[in-house]
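Residues per chain, in single letters:
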2 protein chains.
Amino acid sequence: MLRIGEVAARAGVSVRALRYYEEQGLLEAERTPSGQRRYPESAVGRVRFVQQLYAAGLTSRDVLEVLPCVHTGVATPAMLARLAEQRDGIDRQIAELTAARERLAEIIRIGEQYVPGGHGPSEEAVDACRPAASRPAAEALRPVG
Amino acid sequence: MLRIGEVAARAGVSVRALRYYEEQGLLEAERTPSGQRRYPESAVGRVRFVQQLYAAGLTSRDVLEVLPCVHTGVATPAMLARLAEQRDGIDRQIAELTAARERLAEIIRIGEQYVPGGHGPSEEAVDACRPAASRPAAEALRPVG
DNA sequence: CTAGGACCTGACGTTGACGTCAGGGTCAAG
DNA sequence: CTTGACCCTGACGTCAACGTCAGGTCCTAG
């Protein structure tokens, strides 16, 4: 059985975070007679999983909805629906991130092309800043006005 | 020239958000003699771009660091470095999201497999909750304790 | 037995991106 | 000329996931 500090260190989070997770019902702990928390090794993996879901934009409540699969080992249809919903949400996020990434990457490509020479503003660079959908407009993201 | 309400509607954000962007230096506006804001069409695209970067986890300050490419049309080496940094951050996020997504997807697959029958907890379902790295441990994410 | 590092429970502070309310101008239509 | 939708500037409220501080307990090495 691990003490809270050990779990925190192994999972790469703060002690405060673990107490917060308990508060939110995401992580239980046994208690010693004196009231100190004791965790099984499994807690480390669980904390990492929670962190992963947080990173995916889920809230504590979302995670709480999704975690029961852990206890029952099997999902109800309603839970499956929620799981699928969260998965789809993540898919949407990935799509958005990919779009944003591409946009930055294009700005970088064009920037790298023009910086060496060091000459003035390039239409292409400005162009890269515009949303793909409105490229023809040739206006977006240039100095407003 | 668009009024603030129109820009907000077209970009799918609140009027308050636009005023906030101005406060953060992310979006300028001309003013009518009476002090009302007027935006060019380009503002809509710009707002969408800012939203996209927010969705990618950038803060207002991050966006502010990245936006100047818009004004100069070309990036300084320092700016290119920041852009690359943000792009790499997004890449890391995408990787994490993909991992989280896969984990949820696996839970769903196994859940779908066992729910129809409606019998008890399945080891596989529990297994899917564990981090791939610690699969051999066969402990993580089961009822803690 | 004692020092000090780890742990405990409140409970208030923080940060970012807005929401919301108060109190008051603006302006096209009827 | 008045009504009602839209706009303005403060300025305080919100929510999540913790950070941090206070004041006290536990426990392990020396």
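Rules used throughout
Residues numbered from 1 in each chain as written. Chains lettered and ligands numbered in written order. Predicted model: local features only at pLDDT ≥ 70, side-chain atom pairs only at ≥ 80, totals over all residues. Heavy atoms only, no water. Helix = DSSP H or I, 4+ residues; strand = E, 2+ residues; numbered from the N terminus. Buried < 20%, exposed > 50% of the residue type's maximum accessible area, 1.4 Å probe, protein only. Contact = heavy atoms within 4.5 Å. Axes fitted to C-alpha atoms, helices over the stretch in contact; angles between N-to-C directions. Parallel < 35°, antiparallel > 145°, perpendicular 65-115°, else oblique. Nonpolar A, V, L, I, M, F, W, Y, C, P; charged D, E, K, R; others polar. Near = heavy atom within 4 Å. Polar contact = N/O pair within 3.5 Å; in protein donor to acceptor, adjacent residues only side chain to side chain. Salt bridge = Lys/Arg side-chain N within 4 Å of Asp/Glu carboxyl O. Core = buried A, V, L, I, M, F, W, Y, C linked by side-chain atoms within 4.5 Å. Pairing = 2+ DSSP bridges.

### Details of the overall build of chain A
No. 1: A tally of regular secondary structure across chain A gives 7 helices and 3 strands.
No. 2: Along the chain direction, N to C, the helices and strands of chain A fall in the order β-α-α-β-β-α-α-α-α-α.
No. 3: Expressed as a percentage of the 145 residues in chain A, the buried residues total 45%.
No. 4: The contacts of chain A with a sequence gap of at least 6 include a subset with a gap of at least 24, amounting to 46%.

### A few points about the packing of helix α2 (residues 15-23) of chain A against helix α3 (residues 42-55) of chain A
Residue and element names in this part refer to chain A.
No. 1: Close contact between α2 and α3 brings their axes to 12 Å; oriented N to C, the two are set at 85°. On the basis of the axis angle, α2 is roughly perpendicular to α3. Residues Leu18, Tyr20 and Tyr21 of α2 form the contact with α3, whose own contacting residues are Val47, Val50, Gln51 and Tyr54.
No. 2: Of the residues assigned to the contact of α2 with α3, the class counts are 6 nonpolar, 1 polar and no charged.

### Observations regarding the protein's contact with DNA strand D
No. 1: Neighbouring DNA strand D are 21 residues; Ser14 and Ser60 of chain A together with Gly5, Arg19 and Arg37 of chain B lie closest to it.
No. 2: Near the protein, meaning within 4 Å, the atoms of DNA strand D are sugar or phosphate in a fraction of 76%, with bases accounting for the rest.
No. 3: One nitrogen or oxygen atom from the side chain of Ser60 of chain A is found 2.8 Å from a phosphate oxygen belonging to DNA strand D.
No. 4: One of the backbone N or O atoms of Gly5 of chain B is found 2.8 Å from a phosphate oxygen in DNA strand D.
No. 5: When contributions to the surface near DNA strand D are tallied by element, the ones reaching two or more residues are α2 and α3 of chain A together with α1 (4-11) and α2 (15-23) of chain B.
No. 6: Sort the elements by how many residues they give to the surface near DNA strand D and α2 of chain A lands first, with 4 residues.

### Details of the protein's contact with DNA strand C
No. 1: Around DNA strand C sit 21 residues in total, of which Gly5, Arg19 and Arg37 of chain A together with Ser14 and Ser60 of chain B are the nearest.
No. 2: Near the protein, meaning within 4 Å, the atoms of DNA strand C are sugar or phosphate in a fraction of 75%, with bases accounting for the rest.
No. 3: For DNA strand C, a phosphate oxygen lies 2.8 Å from a polar atom in the backbone of Gly5 of chain A.
No. 4: Between DNA strand C and Arg19 of chain A there is a distance of 2.3 Å, counted from a phosphate oxygen to a side-chain nitrogen or oxygen.
No. 5: Residues of the surface near DNA strand C, tallied by class, amount to 6 nonpolar, 9 polar and 6 charged.

### Looking at the pattern of salt bridges
No. 1: For the structure on display, the rule yields 20 salt bridges over all chains.
No. 2: The residue Asp91 of chain B makes a salt bridge to Arg101 of chain A at a minimum N-O spacing of 2.6 Å. Of this pair, Asp91 of chain B sits in helix α6 (residues 77-114) while Arg101 of chain A sits in helix α6 (residues 77-114), which puts the two residues in different chains.
No. 3: Note that Glu41 of chain B and Arg10 of chain B form a salt bridge whose closest N and O atoms lie 2.9 Å from each other. Here the residue Glu41 of chain B occupies a position in the loop between β2 (37-38) and α3 (42-55), and Arg10 of chain B occupies one in helix α1, the gap between them amounting to 31 residues.

### Considerations on the nonpolar core
In summary, soluble globular proteins display a tendency toward joint burial of nonpolar side chains.
No. 1: Residues Leu18 of chain A together with Leu18 of chain B are the most contacted members of the largest nonpolar core, which totals 70 residues.
No. 2: For Leu18 of chain A, the contacting residues outside a window of four places in its chain are Ile4, Val7, Ala8, Val13, Leu27, Tyr39 and Val47 of chain A.

### Description of the sheet that holds strand β1 (residues 2-3) of chain A
All names here are of chain A.
No. 1: Across the sheet, 3 strands lie side by side as β1-β3-β2; this open sheet has antiparallel pairing. Edge positions in the open sheet fall to β1 and β2 (30-31), since each of these has one partner strand only.
No. 2: Where β1 meets strand β3 (residues 37-39), 2 bridges bridge the pair, whose relative direction is antiparallel. Paired with Arg3 across the two strands is Arg38, which belongs to β3.

### Focus on the packing of helix α1 (residues 4-11) of chain A against α2 of chain A
All names here are of chain A.
No. 1: In the contact formed by α1 and α2, the axes pass within 8 Å of each other and the chain directions differ by 105°. One finds that α1 runs roughly perpendicular with respect to α2. Contacts between α1 and α2 involve Ile4, Gly5, Val7 and Ala8 from the former and Val15, Leu18 and Arg19 from the latter.
No. 2: Taken together, the residues of the contact of α1 with α2 sort by class into 5 nonpolar, 1 polar and 1 charged.

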